[in-house]
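Residues per chain, in single letters:
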Amino acid sequence: MSSSAPPPPPPNTPRCDAVPAWQALQRHFAQQARHFDVRQALQQEPGRFARMALQAPGVQADLSRNLLDAQAQALLVALAQQCRLDESIEALFGGAALNTTEQRAAWHVLLRCPADCPAEHPAMAQALAQMRASQQAFLDFAQQVRADERITDIVNIGIGGSDLGPAVVVQALQAYQMPGKRIHFVSNMDGDDLGWTLRGLDPARTLFLLASKSFGTAETIVNAQAARDWLLAGHGCAPASAGQGSSLPEAQRQLVARHFVAMTSNAQAAAAFGVQTVFPFADWVGGRFSLWSSIGLSVAMAIGAAHFHALLAGAHAMDQHFRHTPFEANLPVQLALLDIWYGNFHGFASRCIAPYSHGLRRLPAYLQQLEMESNGKGCDWAGQPLPLSTAPVVWGEAGTNCQHAFFQLIHQGRQIVPVEFIVLREKGLGSLAQHRALQANALAQARALTVGKHDGPAHSHCPGNRPSTMLVLQRLDPFSVGALIALYEHRTFAAGRLWGINSFDQWGVELGKGLAKQILASQDAGGSQIADADGVLAWLQ
């Protein structure tokens, strides 16, 4: 959004606990729903699967194994309607300043708009034009790198949304990557992350992508400086000082410029580092929603422009589903309502993500940031303390590995953990026998959670009646992956709006960053000030 056309304010919609449907849900839960038995429902409702099976672009969903009766479903839909969630959805697509604490729009959906997408107002037309020019520039550059046989390794240095989003997509779409190009991701400030990544790489054939909106993220800058020193040392040059870059000797300056690219909103800081090739993105692109912007350069280099456009097309198709589908059949909204139902009524504190796909093994880590950083808030957008819990703890692992780790707790533990299974209809590289066994295991786990086990010795009993959702993708292709990620984005946004929170800031993260700077400054000064208050710091000197 341009500074001359500020985004409109967000709609003043009520919080979920302030509408009549909330009280109706409380009564229904206390009187009936808390004793709901999904096993009986599946037996006594012959049309339950058909009624609770939803179809969205790229994704089919079976919600029939959830602890949800028809009355609760209807009341939850009424809750979304009374909270005027439709107005919030329109505000998202209209570019309203939904990030209220920073007075910014959250217009990541614009990044997925196809060429024929109409502009709804002048500010959108301007943003679309800028976005398309930026997108074409980084896609053209990606194609150049793909054609350059001298570059064999591409190292993306970022953290959070500048790492997790691109990493999960590159991993998921490995079947679409061209040979001869290896994509690496470095995020941890621990030098072992970068050190082991660079071990064995050739400095002359390595390209670094520095992904940081501010170009000031501590982890990214520390790793970028270490990568620059490695590059210079590999060419027989002395390391550069932290603030040095554009002032290096000409030969070294050209060397850095040739091997470093930045995706950032701070071109000046990137230039000071020594970067000459910069791909910007707008301030209305939030970090954990930035995969679709130039932050996705590593994805474009891995799969090419055509497949990158297919990724965007899948996300855009899910955008349209979210925007235009009635709440009863709207998959992101229905999943968000499940989060409300389980977190605020049943009191389930976590949710497990179990993708039965090796390509999606990093999806749980990506969703941890997307959901918990977005919705892990303690006050509403008016600054009032919340009397209810918000984001669940999101965790998980790829199947079938998870079955031999924490599924014991999910089946027999005292706490109840809703599980989301993700299954592919078509197989990948393995044999048909492997794929059928994988599918059978996912279905078996869902069934075991539902029916449990009640015969034999007591120690083998599993209570059953434990909720799960099954998401099915046709295959792991760019369209489906784009749709799946957009599904979770919209689910997160919808739940956040119902809870009445700003899903687009992260002040808890900022607190830790500020304290780290203070401690580092104290260490540089001898550690005397903070050591008195924190004895552990003295141990580390």
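The structure presented is a predicted model; accordingly, all values stated were derived computationally and were not measured.

### Re the overall build of the chain
The helix and strand tally for the chain stands at 20 helices and 11 strands. Against the globule reference of 24 Å for 541 residues, the chain gives a C-alpha radius of gyration of 25 Å, in line with a compact fold. In terms of overall dimensions, the chain has C-alpha extents of about 80 × 60 × 55 Å along its principal axes. Across the 541 residues that make up the chain, the buried fraction comes to 54%. For the chain, the accessible area works out to roughly 22800 Å², and carbon and sulfur atoms hold 55% of it. Once the 39 positive and 41 negative side-chain charges of the chain are each reduced to a mean point, those two points are 5 Å apart.

### Thoughts on the domain arrangement of the chain
In terms of domain boundaries, the chain breaks down into domain 1 (20-105 + 312-507), domain 2 (108-303) and domain 3 (509-540). Computed from C-alpha coordinates alone, the two centres of domain 1 and domain 3 are separated by 40 Å.

### Overview of a nonpolar patch on the surface
A contiguous nonpolar patch, built from Val536, Trp539 and Leu540 and spanning about 400 Å² of accessible area, is present on the exposed surface. Locating Val536 in the fold gives a position in helix H20 (residues 535-539).

### Thoughts on the nonpolar core
Of all hydrophobic cores here, the largest spans 127 residues; its most connected members are Leu79, Val169, Leu297, Met301, Trp341, Leu363 and Leu484. By residue number, the principal contributor to this core is helix H12 (residues 297-324), which donates 13 residues. Residues Leu194, Leu232, Phe260 and Ala262 belong to the second largest nonpolar core, which totals 23 residues.

### Quick notes on empty space enclosed by the protein
Within the structure shown, the criterion is met by 2 cavities of 30 Å³ or more. The calculated volume of the largest cavity comes to roughly 40 Å³. Residue lining of the largest cavity: Val168, Val169, Ala172, Leu360, Leu363, Val481, Leu484 and Ile485, and that is the complete set. If you list the elements that add at least two residues to the lining of the largest cavity, you get helix H7 (164-172) and helix H17 (478-499). Looking at the lining of the largest cavity, its residues break down into 8 nonpolar, no polar and no charged. Structurally, the lining of the largest cavity is a two-domain feature, drawing no fewer than three residues from each of domain 1 (20-105 + 312-507) and domain 2 (108-303). By volume, the second largest cavity is sized at about 30 Å³.

### Notes on the environment of Leu63
With respect to the helices and strands, the residue Leu63 is situated in the loop between strand E2 (59-62) and helix H4 (70-82). Here the alpha-carbon distance between Leu63 and Leu471, two residues 408 residues apart in the chain, equals 8.8 Å. In contact with Leu63, other than residues within four places in its own chain, are Met52, Leu54, Gln334, Leu335, Leu338 and Thr469.

### Focus on the sheet that holds strand E3 (residues 153-157)
Spatially, the 5 strands line up as an open sheet ordered E4-E3-E5-E6-E7, and their pairing is parallel. The sheet is open, and its two borders are formed by strand E4 (182-186) and strand E7 (277-279), each paired with just one other strand. On average, adjacent strands in this sheet sit at an angle of 20° to one another, irrespective of strand direction. Here E3 runs beside E4; their pairing, made up of 5 bridges, is parallel. The residue of E4 that forms the bridge with Asn156 is Phe185. The strands touched by helix H10 (residues 250-259) are strand E5 (206-211) and strand E6 (260-263); relative to E6, the strand with the most contacts, the crossing angle is about 55°. Strands in contact with H12 are E3, E4, E5, E6 and E7; relative to E5, the strand with the most contacts, it is inclined by about 140°.

### Concerning H4
In this model H4 runs 18 Å from its N-terminal to its C-terminal C-alpha over 13 residues, within 8% of the 18 Å that 1.5 Å per residue would give. Among all positions in H4, only Ala72, Gln73, Leu75, Leu76, Val77, Ala78, Leu79 and Ala80 are buried. Tucked into the core, H4 has its buried residues touching helix H1 (20-31), helix H3 (48-52), helix H5 (85-94), helix H13 (331-346) and H17. With its phi angle positive at about 55°, Arg84 sits one or two positions after the end of H4.

### Focus: the UniProt feature "active site" (unreviewed entry) in the chain
Within this structure's numbering, the places UniProt gives as "active site" (unreviewed entry) are Glu373, His404 and Lys513. Spatially, the listed residues are scattered: they cover 141 residues, and their C-alpha atoms lie as much as 36.5 Å apart. In this structure, the largest pocket is lined, among the annotated residues mentioned, by Glu373 and Lys513. Note that Glu373 resides in helix H14 (residues 363-375). Within the structure, Glu373 has its side chain in polar contact with the side chain of Arg288 (distance 2.9 Å). Structurally, His404 is set in the loop between strand E9 (393-396) and helix H15 (407-412).

### With respect to the side chain of Thr264
Mapped onto the elements of the fold, Thr264 is located in the loop between E6 and helix H11 (267-273). A residue is classified by how much of its surface remains accessible, and Thr264, at 0% relative accessible area, is buried. Among all residues touching Thr264, those that are not within four sequence positions of it are Ser212, Lys213, Ser214, Phe215, Ala270, Val278, Phe279, Pro280 and Phe281.

### A look at the sheet that holds E9
With mixed pairing, the 6 strands of this open sheet are ordered in space as E1-E2-E11-E10-E8-E9. Edge strands, defined here as strands with exactly one partner in the open sheet, are strand E1 (53-56) and E9. Between one strand axis and the next, the sheet turns by 20° as a mean value, whatever way the strands run. Across the sheet, helix H16 (residues 432-451) is in contact with strand E8 (350-356), strand E10 (419-424) and strand E11 (468-473); its angle to E10 comes to roughly 160°.

### Details of H13
The terminal C-alpha atoms of H13, which comprises 16 residues, lie 21 Å apart, in line with the 22 Å expected from a rise of 1.5 Å per residue. Trailing H13 by a residue or two, Gly347 shows a phi angle of about 80°, which is positive.

### A word on the packing of helix H9 (residues 218-234) against H10
Across the interface, H9 lies against H10 with an axial gap of 11 Å and an inter-helix angle of 120°. Overall, the two elements H9 and H10 adopt an arrangement that is oblique. Between H9 and H10 lies a crossing of right-handed hand. Listed contacts from H10 to Arg228, Leu231 and Leu232 of H9 are Gln252, Leu255, Val256 and His259. In terms of residue class, the contact of H9 with H10 is made up of 4 nonpolar, 2 polar and 1 charged.

### Some remarks on the packing of aromatic side chains
For the structure shown, the criterion picks out 19 aromatic pairs. The interplanar angle of 50° and the centroid separation of 4.8 Å between the aromatic rings of Trp22 and Phe345 together place this pair among those described as tilted. Of this pair, Trp22 sits in helix H1 while Phe345 sits in helix H13; the two residues are 323 residues apart in sequence, bridging distant segments of the chain. For Phe345, a relative accessible area of 10% translates into the label buried. Each member of the aromatic cluster is reached from another via a ring pair, and the members are Phe208, Phe215, Trp230, Phe260 and Phe273.

Rules behind the numbers
Residues numbered from 1 in each chain as written. Predicted model: local features only at pLDDT ≥ 70, side-chain atom pairs only at ≥ 80, totals over all residues. Heavy atoms only, no water. Helix = DSSP H or I, 4+ residues; strand = E, 2+ residues; numbered from the N terminus. Rg over C-alpha atoms; globule rule 2.2 N^0.38 Å. Buried < 20%, exposed > 50% of the residue type's maximum accessible area, 1.4 Å probe, protein only. Areas by Shrake-Rupley, 256 points an atom, 1.4 Å probe, with all protein chains shown as cover. Lys, Arg positive; Asp, Glu negative; His and termini not counted. Charge placed at Lys NZ, Arg CZ, Asp CG, Glu CD. Domains from an automatic or database assignment. Patch = residues over 30% accessible without salt bridge, like charges linked within 9 Å, V, L, I, M, F, W, Y side chains within 5 Å. Salt bridge = Lys/Arg side-chain N within 4 Å of Asp/Glu carboxyl O. Core = buried A, V, L, I, M, F, W, Y, C linked by side-chain atoms within 4.5 Å. 1 Å grid on protein atoms, 1.4 Å probe; cavity = no way out; pocket = protein on both sides within 12 Å on 5 of 7 lines; lining within 4 Å. Points joined across faces, edges and corners; volume = space filled by probe spheres on them. Nonpolar A, V, L, I, M, F, W, Y, C, P; charged D, E, K, R; others polar. Contact = heavy atoms within 4.5 Å. Pairing = 2+ DSSP bridges. Axes fitted to C-alpha atoms, helices over the stretch in contact; angles between N-to-C directions. Expected span 1.5 Å × (residues − 1). UniProt positions renumbered as here; feature names shortened; annotations may be inferred. Polar contact = N/O pair within 3.5 Å; in protein donor to acceptor, adjacent residues only side chain to side chain. Parallel < 35°, antiparallel > 145°, perpendicular 65-115°, else oblique. Left-handed = near helix turned anticlockwise from the far one by under 90°. Phe/Tyr/Trp six-rings, centres within 6.5 Å; stacked < 30°, edge-to-face > 60°.

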